[in-house]
Amino acid sequence: MKSILFIIFGIAIYGSLFAHEMNGIDMSKNDVMQVQPVTYTCPMHPEIHAPGPGSCPKCGMNLVKEKPKPVKKPVVKKPKPVTVPKDTIKISPVVNEVRDTVKAPVVDAQQAVTYTCPMHPEIHADKPGNCPKCGMPLVKEKGNMNSDNPGKSDVQTVDNYSEKMAKAGLSKKIVSKIPPRTVHYDLYVHDTIVNFTGKPKRAIAVNGQIPMPDLTFTEGDTAEIYVHNKLKESTSLHWHGLFLPNKEDGVPNLTQMPIKPGTTHIYKFPIIQHGTHWYHSHSGLQEQIGMYGSFIMNKREEFDIPTVPIVISEWTDYKPENIHRMLHMATDWFAIKKNAVQSYAEAAKAGHFKTKLQNEWKRMLAMDVSDVYYDRIFMNGKPESTISEVEGKLLKAGDKVRLRISNGGASSYFWLRYAGGKIAVVASDGNDVEPVEVDRLIIAVSETYDIVVTIPADGTAYELLATTEDRTNSASVYIGNGIKQLISPMPRLKYFEGMKMMNGMMKMNGDLDDMGMNMSLNQMDMNVVMYPEITGEEKKKGSIPKDTMAINDHANHNQYNSNEMSDIVTLNYAMLKAPGKTTLPESTVKTLKFELTGNMNRYVWSLDNKVVSEADKILVKKGENLRLIIFNGSMMRHPMHLHGHDFRVLNGHGEYAPLKNIIDIMPMETDTLEFNANVEGDWFFHCHILYHMMSGMGRVFSYENQAPNPLIPNPKLAQRKLFADDRKFHFMAENDFATNGNDGMFILQNTRWSLGTEWRLGFHNHHGYETETHIGRYLGKMQWLMPFIGFDWRYRKLEEGEVEKNIFGQKSTKDNRAQLSIGVQYILPMLVQAQAEVYMDGNVRLQLMREDIPIAKRLRMSFMVNTDIEYMGGFKYILGRNIALSAHYDSDMGFGGGITVNY
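So, how was this worked out
Residues numbered from 1 in each chain as written. Predicted model: local features only at pLDDT ≥ 70, side-chain atom pairs only at ≥ 80, totals over all residues. Heavy atoms only, no water. Helix = DSSP H or I, 4+ residues; strand = E, 2+ residues; numbered from the N terminus. Buried < 20%, exposed > 50% of the residue type's maximum accessible area, 1.4 Å probe, protein only. Areas by Shrake-Rupley, 256 points an atom, 1.4 Å probe, with all protein chains shown as cover. Pairing = 2+ DSSP bridges. Axes fitted to C-alpha atoms, helices over the stretch in contact; angles between N-to-C directions. Contact = heavy atoms within 4.5 Å. pLDDT = per-residue confidence, 0-100. Salt bridge = Lys/Arg side-chain N within 4 Å of Asp/Glu carboxyl O. Phe/Tyr/Trp six-rings, centres within 6.5 Å; stacked < 30°, edge-to-face > 60°. Lys NZ or Arg CZ within 6 Å of the ring centre and 35° of its normal. Arc of directions from axis to C-beta. Core = buried A, V, L, I, M, F, W, Y, C linked by side-chain atoms within 4.5 Å. Patch = residues over 30% accessible without salt bridge, like charges linked within 9 Å, V, L, I, M, F, W, Y side chains within 5 Å. Parallel < 35°, antiparallel > 145°, perpendicular 65-115°, else oblique. Left-handed = near helix turned anticlockwise from the far one by under 90°. Nonpolar A, V, L, I, M, F, W, Y, C, P; charged D, E, K, R; others polar. Lys, Arg positive; Asp, Glu negative; His and termini not counted. Polar contact = N/O pair within 3.5 Å; in protein donor to acceptor, adjacent residues only side chain to side chain.

A. Geometry of the overall build of the protein. Along its length, the protein carries 11 helices and 53 strands. A total of 903 residues make up the protein; the buried ones form 51% of that total. Within the structure as shown, the protein displays about 42,000 Å² of accessible surface, and the carbon and sulfur contribution to it stands at 57%.

Take a look at the structure:
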């Protein structure tokens, strides 16, 4: 009894004390806030928090005070009852409620049948009909169960997407009050002169500007674009990634005839999609000299966030036609400009002499990362600019900015990095994706990304840096106000490590060995061995690597996965997921397999070893689903673009595979794409590296039984003009003005054929005069073999009674010879050119020759020996693109030195 009284007495005292304490606390609704203690953070790394001042443990910057943030005590609200209509389920994200108290409604397995559009999965209807956006017949929607997790409903998927978008700064929306309308643009295409490097050069400006004007529309509008061609040559404009009638696609000699000088062409089409796209000339090489610009299509309900379109591009003082010619002639001038020759002297210094020998033994040229050296890189036409305000509003700390980025470069990939922290990728090729945060991404030629970046602090403008893949040049946009905060430049590539990797993957017959890794979706970056920021700095000869990872250990399948090897998160296609289902309508499936093929030595790029002019159009039936399985069997990456359609990239996300219109396929990768054939016409599918496309790397998809295109009155003539691009002949010439005579050569060649003449003219009769001409056709995938017919004319005054014989004992007729011949030329290991030739008189000549052996960065060696007991050896020191100092010894003409001029 005493124990009970003692317990009651204790409870009474505790209750009295608790009530007294509560009397001092105001529980009104107005006082639910409390202030955090003062803390410090880093302007560059906002995730750092410290109780006192000091330095950032990551970058060393001084920590600054964080603004006190009021903290609201949780107020638990009673969950509102969730009502589910009988016919449909309308999903809306719950705002400003404690999410733990709201349960997702359970989807009834017997819910009503709904319909959607294959191209616009956001469209939902309770009965059949046509899509209000594109007119396609609606199809039945599959059940709302998530394919990746059958126990999880799509309601939760949508909510998660909303949360991710809100975190990226994309939550509040603005509804366009402007009804759908016809939006009219006039584009005047003019020749102009620019001076980006101190030298005046020709360019093409549209409405007096480079890049071309930003074109902006809203879904539901109609585009009406007048193109006034003021050039002295024909032109065209292609609307990259747009869904439109085929005759508006802008490919000359395929979907329309070229726009002639002094004429006007009208493009008119409905805007039935949204997103970041761009437009460019599809005529010749005009895109390289200014004809590119942003094409933006806003949603009817667009996110309320500062948004800026950015088009990245490159500039070269060389004429693009000359660049194309030089590439076909295997010049290494661009490698000299990039300090990437990879000569034998450089290889020996780096401890990679054996690597260089093996490289040439397998008949490969030096490791190349990009084709062309560019003098300037631009973002919106400038190498450096600042975005301090958007639509009149100054950007401040905490603001998020959406950048609509298009790669309008002709042949350059660009690394994108941001000095203010992570990059949130929210769309690709105009299609939304679930936001994914990365440290960097590489944007392929013609690709587009929407990214969101955050301004960490006031008083600072943070650098968005675009760096060419070969890391030779860059451009910057500073976002914010104040002192410029730079991001460190990307270190120089380790070229010989890349060469060593390439040697291990190339077989002696020219095929690639993927080492059983089944690579896809850019997840395995073969160039990662060249990245010092991932694999460490170049080790000196004889040093022991700090890490124990063997780069050439084929069993380690993570050796090329940069995200596994470092803390730097790099975007790849496997990380992209569509916010809604992208499944195709049920239909027959047509599977097509392609191998991307190429020959870097002769710069021939093809699909299945055929260029556009050598392949028939690929016939498809309207309504069927096309599945493309593409393997890259070349040693360069290729951004493959499909006109007029988006395709699903099958990347492991099932029904939520992302939609794109261009996919970058790296060496040895196999990627699978699929799309529904829903718009009739002739649609181009091609590599978007401009010089690869012009070399023939593409195909044409053509719909069966389609109506004739009214803009192509003579289809046969148009086809001949289309095929002329990859059939074009390229010219090269060289002449050596030496003290012992004059010798030189010229070559005229295209994809398959070669016409070449060489000559040697002595200053005296006993030196002789000779010229040889060969016409041949290259055979095989690697084009190492060329049968030819030839003509040989020689004159040399011999001494009385003098007779020369070849090593077969046949009498030489070089004193006065005019002979037809037949022969074959073959490229041996070490890039030695072997030639066997039989003349009309029965004489046989075998010859070995190699030119341009890279001894040092600018020093080249050459040699020749044949069975006529002729031989030659020489050196050439390159002074400039078209001139070199030379010295050589010739068995007929003796020693000489002079100047070599080439074109």
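B. View of the sheet that holds strand E48 (residues 832-839). Read around the closed barrel, the 12 strands follow the order E42-E43-E44-E45-E46-E47-E48-E49-E50-E51-E52-E53; overall the barrel is antiparallel. Pairwise comparison of adjacent strand axes, ignoring direction, gives a mean angle of 20° for this sheet. Two elements, strand E45 (residues 769-777) and strand E46 (residues 785-795), share 8 bridges in a ladder whose sense is antiparallel. Looking at E46, one finds that Thr771 is bridged to Trp793. Together, strand E42 (730-738) and strand E43 (741-749) form the strand contacts of helix H3 (residues 320-328), whose direction differs from that of E42 by roughly 75°.

C. Molecular detail of the sheet that holds strand E11 (residues 222-229). As summarised here, the arrangement of the 4 strands in space is E9-E8-E11-E13, forming an open sheet in which the pairing is mixed. Here the strands that pair on one side only, and so sit at the sheet edges, are strand E9 (201-206) and strand E13 (264-270). Taking each pair of neighbouring strands and ignoring which way they run, the sheet shows an average axis angle of 20°. With 7 bridges connecting them, E11 and E13 associate as antiparallel partners. By the bridge assignment for E13, Thr222 is matched with Pro270.

D. A look at the confidence of the model for the protein. Of all residues in the protein, 83% have pLDDT values of 70 or greater, and the mean over the chain is 85. For residues 1-9, every residue scores under 50 in pLDDT, and the model assigns this stretch 0 contacts once sequence neighbours within four places are set aside. Scored below 50 in pLDDT, residues 543-556 shows 16 contacts in the model against residues more than four places distant or in partner chains.

E. Focus on the pattern of salt bridges. All chains considered together, the criterion is met by 44 salt bridges. Between Asp664 and Arg637 there is a salt bridge, with its nearest N and O atoms 2.6 Å apart. Residue Asp664 is located in strand E38 (residues 662-665), and its partner Arg637 is located in the loop between strand E34 (625-632) and strand E35 (638-642); the two are separated by 27 residues in the primary sequence. Residue classification places Arg637 among the buried positions, given a relative accessible area of 8%. Residue Arg794 pairs with Glu870 through a salt bridge whose shortest N-O separation is 2.8 Å. You can see Arg794 sitting in strand E46 and its partner Glu870 sitting in the loop between strand E50 (859-866) and strand E51 (871-880), a full 76 residues away along the chain.

F. Representation of the packing of aromatic side chains within the structure. A full pass over the atoms with the stated rule returns 22 aromatic pairs. Aromatic ring contacts, followed pair by pair, group Tyr185, Phe217, Trp239, Tyr267, Phe269, Tyr279 and Phe295 into a single cluster. Positioned above the aromatic ring of Tyr903, the side-chain terminus of Arg325 is 3.7 Å from the ring centre. The side chain of Arg363 reaches across the aromatic face of Trp784, ending 3.7 Å from its centre.

G. Up close: the pairing of strand E41 (residues 698-703). Of all 6 residues in E41, 6 are buried, a share of seventy percent or more. Neither face of E41 is open: one carries Gly698, Val700 and Ser702, the other Arg699, Phe701 and Tyr703, and all of them are buried. Where strand E40 (residues 682-687) and E41 come together, 5 bridges link them in antiparallel fashion. Its bridge partner lying in E41, Trp683 is registered against Phe701.

H. Molecular detail of helix H6 (residues 353-361). Buried within H6 are the following residues: Thr355, Lys356, Asn359 and Glu360. Along the axis of H6, the buried positions cluster into a sector of 125°, meaning they face one direction only. Of the surrounding secondary structure, the elements contacted by the buried residues of H6 are helix H5 (344-349), helix H7 (495-505) and strand E49 (844-854). Count one or two residues on from H6 and you reach Arg363, which has phi positive near 65°.

I. Up close: the nonpolar core. Ranked by internal contacts, the top residues of the largest apolar core, which has 157 residues, are Ile225, Trp239, Phe295, Leu403 and Val425. Looking at which element gives the most residues to this core, the answer is H7, with 6 residues. Each residue touching Ile225, except ones within four places of it in the same chain, is listed here: Tyr185, Leu187, Leu215, Phe217, Trp239, His265, Ile266, Tyr267, Phe269 and Phe295. Tyr161, Ala168, Leu170 and Phe303 belong to the second-largest nonpolar core, a separate cluster that totals 9 residues.

J. Local environment of a nonpolar patch on the surface. Taken together, the side chains of Phe737, Tyr877, Leu879, Ile883, Leu885, Ile899 and Val901 present a nonpolar region at the surface, about 610 Å² in accessible area. Listing elements by their share of the nonpolar patch, those giving two or more residues are E51, strand E52 (883-890) and strand E53 (894-902). Its location among the elements puts Leu885 in strand E52. Overall, Leu885 belongs to the partly exposed group, its relative accessible area being 43%.

K. Region of interest: the environment of Ile423. Along the chain, the position of Ile423 falls in strand E24 (residues 423-428). When its relative accessible area of 0% is taken as the criterion, Ile423 is described as buried. Each C-alpha atom of the pair Ile423 and Arg440 lies 7.0 Å from the other, and the pair is 17 residues apart in sequence. Not counting residues within four places of it along the chain, the set of residues in contact with Ile423 comprises Leu416, Arg417, Tyr418, Val436, Glu437, Val438, Asp439, Leu441, Ile451, Val452 and Val453.

L. Layout of the packing of H6 against H7. Packing of H6 against H7 brings their axes to within 9 Å, and their N-to-C directions diverge by 45°. Taken together, H6 and H7 sit at an angle that is classed as oblique. The handedness of the crossing between H6 and H7 is left-handed. Along its contact with H6, which presents Thr355, Lys356, Gln358 and Asn359, the element H7 presents Phe496, Met499, Lys500, Met502 and Asn503. Here the contact of H6 with H7 is built from residues that sort into 3 nonpolar, 4 polar and 2 charged.

M. Looking closely at H7. The element H7 is largely enclosed, with a buried count of 9 among its 11 residues. If you check which residues of H7 are buried, you get Tyr495, Phe496, Glu497, Gly498, Met499, Met501, Met502, Asn503 and Met505. In this structure, the buried residues of H7 make contact with H5 and H6.

N. Inspection of the side chain of Asp726 at higher detail. Its place among the elements puts Asp726 in helix H11 (residues 715-727). Buried charged residue Asp726 carries no salt bridge. Nearest counter-charge: Arg727, at 5.0 Å. Sequence-distant contacts of Asp726, that is, excluding residues within four places in its chain, are made with Val611, Val612, Ser613, Met694, Ser695, Gly696 and Thr751.

O. Structural context of the environment of Thr448. Among the structural elements, Thr448 can be located in strand E27 (residues 448-454). Assessed through its relative accessible area of 2%, Thr448 is described here as buried. Setting aside its immediate chain neighbours within four residues, Thr448 contacts Thr276, His277, Trp278, Ile405, Ser406, Ala427, Ser428, Asp429, Gly430 and Ile443. A polar contact is formed between the side chain of Thr448 and the backbone oxygen of Thr276, at a distance of 3.0 Å.

P. Quick peek at the environment of Tyr449. As for its placement among the helices and strands, Tyr449 is situated in strand E27. Since its relative accessible area comes to 2%, Tyr449 is described here as buried. Along the backbone, Tyr449 and Ser406 are 43 residues apart, and their C-alpha atoms lie at a distance of 6.7 Å. With residues up to four places along the chain from it excluded, the contact list for Tyr449 reads Leu403, Arg404, Ile405, Val425, Ala427, Ser428, Leu441, Ile442, Ile443, Leu571, Tyr573 and Lys660. A distance of 3.3 Å separates polar atoms of two side chains, one belonging to Tyr449 and the other to Glu447.

Q. Structural view of unusual backbone geometry. Between Ile210 and Pro211 the backbone carries a cis peptide bond, its omega angle lying at 0°. Relative to the helices and strands, Pro211 is located in the loop between E9 and strand E10 (215-218). Of note, the phi angle at Ser446 is positive, near 80°, even though the residue is not glycine. On the secondary structure map, Ser446 appears in the loop between strand E26 (440-443) and E27. The backbone phi angle of Asn609 is positive, close to 60°, even though this residue is not glycine. Owing to a relative accessible area of 25%, Asn609 belongs among the partly exposed residues under this scheme.

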